[in-house]
Amino acid sequence: MCGSRYDRGGKSYTISKFIEGVIEAGAKAIILDPTGEYSTFDTHSKVDHSTVITDSYFPYQNLTINDLFVLFRPSGQVQQPVLLEAIKSLKVANCLMGNIPANGHSNNGTQDIFTFRTQQVVVQNGLIIKQNNFTAPYNNAYFIYKSIIEDFSHNHFDISILHKQIANECYQIFNDRWANSRDERNYGNSTSLIMRVNNVISDNDYSGMFGFNSPTTSNLITKVNDFLNNPDLNILRVGFENVPYNFQVREILANSLGRYLLNKARTNAFRENPLILFVDEAHQFLNKKVKDEYFESTELNAFDNIAKESRKYGLFLCLSTQMPRDIPVGTLSQMGTFITHRLINYQDKEAVASACSTANKETLSFLPSLGSGEAIIMGVDFPMPISVKVDLPTTTPKFDTPKFKIK
Ligand SMILES: Nc1ncnc2c1ncn2[C@@H]1O[C@H](COP(=O)(O)OP(=O)(O)O)[C@@H](O)[C@H]1O
Ligand SMILES: [Mg+2]
């Protein structure tokens, strides 16, 4: 769904109309609501909602290692391997502490000691102590849990102590053990990373968003599954109104939620009971390459994949944007139907035209003069473009005044 940024053509009203249609049909939809515009539906008995930070968090365990790298921005050659080692160490610690064996384990009051062929792995306050310890038993433990540790789509470790583990990685290996004294050069190079990780983890917003420190709000994934399993609910509104705009956390969050739903779709969870995912202001979440001077480019591409493959699994994507030219061409061209509202900008019209096979010059020339709530429907199922006037929804969206919460 597209429309102009110079004039409010009625996209949000049309989405509200769709939401009402979903409720009427007894179908299911999740709406990713960037500004809280659709909170007007919250009191409806068929609608549940969850506002990220205030009501819920997306568990960091379900972020990928890429997402974490985007959050922590380790600089190239030095910090990236240290961060990766620290994450692996914490996963080893987590696996060991979660599977304490009857033999080969002791606790001396401050440390848990795991013995592998007479040599020991030491875990203290959840951290792997490398200083002066042998590498072989650590490698042994790593090997046992390799498949868990190297599953980088899950982060089962205690992230609240990650900055401390990074400091524990700054020991060189001599022969068969880590040195007794810290490698000050390595440590010096890691200081900015340690501070960044500590800042992100202890920041209230990030912590609230990803559940870094024993969250008291509810788990968004549990919320999503409760919604999907509840036959009395038709709509789940996931509100992003409290999520800040910096560090690309909105993109990471939206992308993670999208990826979760796509993975679920791939297990055929929606084949019998299709799900619609509405994303308003989609240009905020899509086409986001994360790049900075140190960090190689990482793509947040869950929505691209949803657009490409999810239809066959019963997951349907409805994107709404005032800037279709900011949606990746690959994603846009996967869209089956375009409901184009008033659209003035030349490049935006061109983006629609090149993505939609049935768009023609004549149709596009109408777009700038459409009134509020008027739209042209085009797409694979429509041999001819159809001009429509959308009825007003009963529940109108809140007048959207985006809060620009920039820290
Ligand atoms: N179907 C409609 N019929 C009449 N007026 C509409 C309709 N849809 C929207 N409008 C008017 O246009 C304004 C902007 O609509 P909105 O959906 O918020 O635009 P957008 O999301 O495209 O920015 C609304 O406040 C309303 O007054
Ligand atoms: Mg809108």
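Note that the structure is a prediction, hence the values are computed from the model and not measured.

Cut-offs and rules
Residues numbered from 1 in each chain as written. Chains lettered and ligands numbered in written order. Predicted model: local features only at pLDDT ≥ 70, side-chain atom pairs only at ≥ 80, totals over all residues. Heavy atoms only, no water. Helix = DSSP H or I, 4+ residues; strand = E, 2+ residues; numbered from the N terminus. Buried < 20%, exposed > 50% of the residue type's maximum accessible area, 1.4 Å probe, protein only. Contact = heavy atoms within 4.5 Å. Areas by Shrake-Rupley, 256 points an atom, 1.4 Å probe, with all protein chains shown as cover. Lys, Arg positive; Asp, Glu negative; His and termini not counted. Charge placed at Lys NZ, Arg CZ, Asp CG, Glu CD. Pairing = 2+ DSSP bridges. Domains from an automatic or database assignment. Core = buried A, V, L, I, M, F, W, Y, C linked by side-chain atoms within 4.5 Å. Near = heavy atom within 4 Å. Polar contact = N/O pair within 3.5 Å; in protein donor to acceptor, adjacent residues only side chain to side chain. Nonpolar A, V, L, I, M, F, W, Y, C, P; charged D, E, K, R; others polar. Phe/Tyr/Trp six-rings, centres within 6.5 Å; stacked < 30°, edge-to-face > 60°. Lys NZ or Arg CZ within 6 Å of the ring centre and 35° of its normal. Arc of directions from axis to C-beta. Axes fitted to C-alpha atoms, helices over the stretch in contact; angles between N-to-C directions. Parallel < 35°, antiparallel > 145°, perpendicular 65-115°, else oblique. Left-handed = near helix turned anticlockwise from the far one by under 90°.

## A closer look at the overall build of the protein chain
Alright, step 1. The helix and strand tally for the protein chain stands at 14 helices and 18 strands.
Alright, step 2. Dimensions of the protein chain, computed from the C-alpha atoms along their principal axes, are close to 80 × 45 × 35 Å.
Alright, step 3. Expressed as a percentage of the 407 residues in the protein chain, the buried residues total 54%.
Alright, step 4. Residue pairs at least 24 apart in sequence account for 74% of intrachain contacts in the protein chain once pairs closer than 6 positions are excluded.
Alright, step 5. Carbon and sulfur atoms form 49% of the exposed surface of the protein chain, whose accessible area is close to 18,600 Å².
Alright, step 6. In the protein chain, the 39 positive side-chain charges and the 41 negative ones have mean positions that sit 2 Å from each other.

## As for the pairing of strand β17 (residues 374–379)
Alright, step 1. Buried residues dominate β17, accounting for 5 of its 6 residues.
Alright, step 2. In this antiparallel pair of consecutive strands, β17 and strand β18 (residues 382–389), the connection spans 2 residues.

## Overview of the domain arrangement of the protein chain
As a measure of interface size, the accessible area lost when the parts come together is often cited.
Alright, step 1. Examined at the domain level, the protein chain breaks down into domain 1 (11–55 + 217–389) and domain 2 (66–204).
Alright, step 2. Computed from C-alpha coordinates alone, the two centres of domain 1 and domain 2 are separated by 39 Å.

## Notes on the nonpolar core
Alright, step 1. By size, the foremost hydrophobic cluster in this structure holds 83 residues, and its most contacted members are Phe 72, Leu 162 and Phe 210.
Alright, step 2. Both domain 1 (11–55 + 217–389) and domain 2 (66–204) contribute no fewer than three residues apiece to this core.
Alright, step 3. With residues up to four places along the chain from it excluded, the contact list for Phe 72 reads Leu 83, Ile 159, Leu 162, Leu 193, Arg 196, Val 197, Val 200 and Ile 201.

## Observations regarding the site of ligand 1
Alright, step 1. Taken together, Arg 8, Gly 9, Gly 10, Lys 11, Ser 12, Tyr 13, Ser 372, Gly 373, Lys 389, Val 390 and Leu 392 form the complete shell of residues around ligand 1.
Alright, step 2. Between ligand 1 and Val 390 there is a distance of 2.7 Å, counted from a nitrogen atom to a backbone nitrogen or oxygen.
Alright, step 3. The element that contributes the greatest number of residues to the shell around ligand 1 is helix α1 (residues 11–25), accounting for 3 residues.
Alright, step 4. Of the residues belonging to the shell around ligand 1, the class tally is 3 nonpolar, 5 polar and 3 charged.

## A look at the packing of aromatic side chains
Alright, step 1. In total, this model carries 7 aromatic pairs according to the counting rule given.
Alright, step 2. Here Tyr 60 and Phe 157 contribute two aromatic rings whose centre-to-centre distance is 6.3 Å and whose plane-to-plane angle is 65°, an arrangement assigned as edge-to-face. Placement of the pair is Tyr 60 in the loop between β3 (56–57) and α2 (65–72) and Phe 157 in the loop between α5 (146–149) and α6 (162–168), with a sequence separation of 97 residues. Exposure class is identical for Tyr 60 and Phe 157. Each is buried.
Alright, step 3. Taking the centre distance of 5.6 Å and the plane angle of 85° together, the rings of Phe 240 and Phe 285 count as edge-to-face. With Phe 240 in the loop between β11 (235–239) and α10 (249–266) and Phe 285 in the loop between β12 (275–279) and β13 (288–290), the pair connects residues that are 45 residues apart, well separated along the chain. Both residues of the pair, Phe 240 and Phe 285, belong to the buried class.
Alright, step 4. These aromatic residues form a ring-pair network of at least three members: Tyr 60, Phe 157, Phe 210 and Phe 212.
Alright, step 5. If you follow Arg 182 out to its NZ or CZ, it ends over the ring of Tyr 187, 3.5 Å from the centre.
Alright, step 6. Sitting over the face of the ring of Tyr 245, Arg 250 holds its NZ or CZ atom 4.0 Å from the ring centroid.

## What about helix α13 (residues 346–355)?
Alright, step 1. When α13 is considered as a whole, its buried residues turn out to be Asp 348, Lys 349, Ala 351, Val 352 and Ala 355. Projection of α13 onto a plane perpendicular to its axis shows the buried side chains occupying an angular sector of 155°, all on one side. Facing away from the buried side of α13 by over 90 degrees, the exposed positions are Tyr 346 and Ser 354.
Alright, step 2. Considering only its buried residues, α13 is in contact with α12 (329–332), β16 (337–340), α14 (361–366) and β17.
Alright, step 3. Measuring from the side-chain oxygen of the N-cap residue of α13 to the backbone nitrogen of Gln 347 gives 2.8 Å; that N-cap residue is Asn 345.

## Brief notes about the packing of α10 against helix α11 (residues 302–309)
Alright, step 1. The interhelical angle for the contact between α10 and α11, taken along N-to-C directions, is 30°, at an axis separation of 8 Å. The pairing of α10 with α11 is recorded here as roughly parallel in orientation. The interaxial crossing formed by α10 with α11 has left-handed handedness. For the pair formed by α10 and α11, the contact residues are Ala 254, Asn 255, Gly 258, Arg 259, Leu 262 and Arg 266 on the first element and Ala 302, Phe 303, Asn 305, Ile 306 and Glu 309 on the second.
Alright, step 2. For the contact of α10 with α11, the class distribution of residues is 5 nonpolar, 3 polar and 3 charged.

## With respect to the sheet that holds strand β5 (residues 111–116)
Alright, step 1. If you trace the 4 strands from one edge of the open sheet to the other, you get β4-β5-β6-β7, paired in antiparallel fashion. The open sheet has two edge strands with one neighbour each: β4 (105–107) and β7 (127–129). On average, adjacent strands in this sheet sit at an angle of 30° to one another, irrespective of strand direction.
Alright, step 2. As paired elements, β4 and β5 share 3 bridges and run antiparallel to each other.

## Comments concerning the sheet that holds strand β2 (residues 47–51)
Alright, step 1. Taking strand neighbours across the sheet as the criterion, the 5 strands line up as β2-β11-β1-β12-β15 in an open arrangement whose pairing is parallel. For this open sheet the edge positions go to β2 and β15 (315–319), each flanked by a neighbour on one side alone. Strand-to-strand twist across the sheet, computed as the mean angle between neighbouring axes with direction ignored, equals 15°.
Alright, step 2. Bridge count for strand β1 (residues 28–33) against β12 is 5 bridges, and the pairing is parallel. Bridge pairing links Ala 29 to Ile 276 in β12.

## A short note on the packing of α2 against helix α3 (residues 76–98)
In helix packing, the relevant descriptors are the interaxial angle and the interaxial distance, both defined with respect to the helix axes.
Alright, step 1. For the pair α2 and α3, interaxial distance at closest approach is 12 Å and the crossing angle is 125°. One element, α2, and the other, α3, form an angle in the oblique class. Classified by chirality, the crossing of α3 by α2 is right-handed. In this structure, α2 contributes Ile 65, Leu 68, Phe 69 and Phe 72 to the contact, and α3 contributes Gln 80, Leu 83, Leu 84 and Ile 87.
Alright, step 2. Residues that form the contact of α2 with α3 fall into these classes: 7 nonpolar, 1 polar and no charged.

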